[in-house]
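Topology and contacts: notes
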Amino acid sequence: DVPLFKSALERGVNGLIIAPGDPGTLGRWIRKAAKQNVPVVCVVTDAPGTERLTSVSADPFTVGAVAGELLSRFLPSGGQVAFFTGWLGTQDHADKLRGFMANLRSEPAAVSLAAVVEAHDEERVGHRRTLNLLKAHPALRGIYVSTVNSLPVLDAVSRMGRQDGLTIVTTDLFPALVPCIREGLVAATVYQRPLSQGRLALQALYEFLVHGTCPPPRIRVVPHLVMRSN
């Protein structure tokens, strides 16, 4: 993130739209951009406590809450579930976990959180830690993958022959995930509408640069739920 951000500033851009994977590292660069009067818009996740112009994302607490409610309803007899994320140090990921936990507790079924797995959005890490999780929790009934890094998790589940005993909810939608939904390996995915996020981010930046219109501090996109039926 940092080399690209630095390079963009050195080229004299008028504005930046970024997806801050590590907001802590980018914080000082966003401050530097603000000093140079270069507005920064965050998409997907936020960089709180910085001078960014605005952030555009699906509300992460709501996304996590939807996934928590889904798993609770898919598992009426209860059971253990696991939460996969990238980095809990990322605001978006931590907020999804809070929403997920809040809705697990609000549902009557005895669904409990067995593990929180940080996969750092790396395929090999996600795959290896899924295998370790499945070995450590033979009674696991559900998994929620809260980032786009779901394919290595699904591959590990299939390799272990656990697909029939697990209910899996993922995040977002891309071509390789579609067969998994159609075949029933993925019960549902919470689609955060990245195209809409990008369009709204560009509109906010355009209005600020051209007309001086300051956007609200946060712009929220309502997530969609995608299942085999739709």
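Residues numbered from 1 in each chain as written. Predicted model: local features only at pLDDT ≥ 70, side-chain atom pairs only at ≥ 80, totals over all residues. Heavy atoms only, no water.

Points about unusual backbone geometry
Under the convention used in this document: Elements are defined by DSSP. Helices are runs of H or I of four residues or more, strands are runs of E of two residues or more, and each kind is numbered from the N terminus. To sort residues, take the accessible area from a 1.4 Å probe on protein chains only and compare it with the maximum for the residue type: under 20% means buried, over 50% means exposed, and anything in between is partly exposed.
Here Asp172, not a glycine, exhibits a phi torsion of approximately 65°, which is positive. Along the polypeptide, Asp172 turns up in the loop between strand E7 (167-171) and helix H7 (178-182). Overall, Asp172 belongs to the buried group, its relative accessible area being 14%. The residue Arg193 is not glycine, and still its phi comes out positive at about 55°. Residue placement: Arg193 occurs in the loop between strand E8 (188-191) and helix H8 (194-211).

Side note on the layout of surface pockets
Test applied: Each cavity reported here is a set of points on a 1 Å grid over the protein atoms alone in which a 1.4 Å probe fits but cannot get out, each pocket an open set with protein on both sides within 12 Å along at least five of seven lines, and each lining residue one with an atom within 4 Å of a point. Grid points are joined across faces, edges and corners, and a volume is the space filled by probe spheres set on the points. Gly is put with the polar residues, along with every residue not named as nonpolar or charged; the nonpolar set is Ala, Val, Leu, Ile, Met, Phe, Trp, Tyr, Cys and Pro, and the charged set is Asp, Glu, Lys and Arg.
Looking at the largest pocket, its volume works out to about 230 Å³. Forming the boundary of the largest pocket are 16 residues, of which Val44, Asp92, His93, Asp121 and Thr147 lie nearest the centre. Residues of the lining of the largest pocket, tallied by class, amount to 5 nonpolar, 7 polar and 4 charged.

Quick notes on the sheet that holds strand E1 (residues 16-18)
Two pairing modes exist for strands in a sheet, parallel and antiparallel, and in both the strands are linked by backbone hydrogen bonds. To keep things clear, this is the line we draw: At least two bridges found by DSSP between two strands are what make those strands a pair. Orientation is described by axes fitted as lines to C-alpha atoms, over the contacting stretch for helices, and by angles from 0 to 180 degrees between their N-to-C directions. Here, residues are in contact when the closest pair of their heavy atoms is within 4.5 Å.
Strand order in the open sheet made by the 4 strands is E1-E2-E3-E9, with parallel pairing throughout. The sheet is open, and its two edges are formed by E1 and strand E9 (218-221), each paired on a single side. Direction aside, neighbouring strands of the sheet carry axes that sit 15° apart on average. The pairing of strand E3 (residues 54-58) with E9 spans 4 bridges and is parallel. For Val56, the partnering residue across the bridge sits in E9 and is Ile219. In this fold H8 packs onto E1, strand E2 (40-43), E3 and E9, with an angle of close to 165° to the strand it touches most, E3.

Observations regarding the packing of aromatic side chains
Any two aromatic rings considered together are summarised by their centre-to-centre distance and by the angle between their planes. Put simply, the rule is: Any Phe, Tyr or Trp ring, taking Trp's six-membered ring, that has another such ring centre within 6.5 Å forms a pair; planes under 30 degrees apart are called stacked, those over 60 apart edge-to-face, and the others tilted.
The final tally for this structure, using the stated rule, is 3 aromatic pairs. Look at Phe83 and Tyr144: their rings are 5.5 Å apart centre to centre, the planes differ by 70°, and that puts the pair in the edge-to-face class. Of this pair, Phe83 sits in strand E4 (residues 79-85) while Tyr144 sits in strand E6 (residues 140-145), and the two are 61 residues apart along the sequence. In this structure Phe83 comes out as buried when scored by relative accessible area, which is 0%. Between Phe100 and Tyr144 the ring centres are 5.4 Å apart and the planes differ by 25°, which places this aromatic pair in the stacked class. One end of the pair, Phe100, is in helix H4 (residues 91-106); the other, Tyr144, is in strand E6, and 44 residues separate them in sequence. Pair check on accessibility: Phe100 and Tyr144 agree, each one buried. An aromatic cluster is present here, built from Phe83, Phe100 and Tyr144 joined pairwise through their rings.

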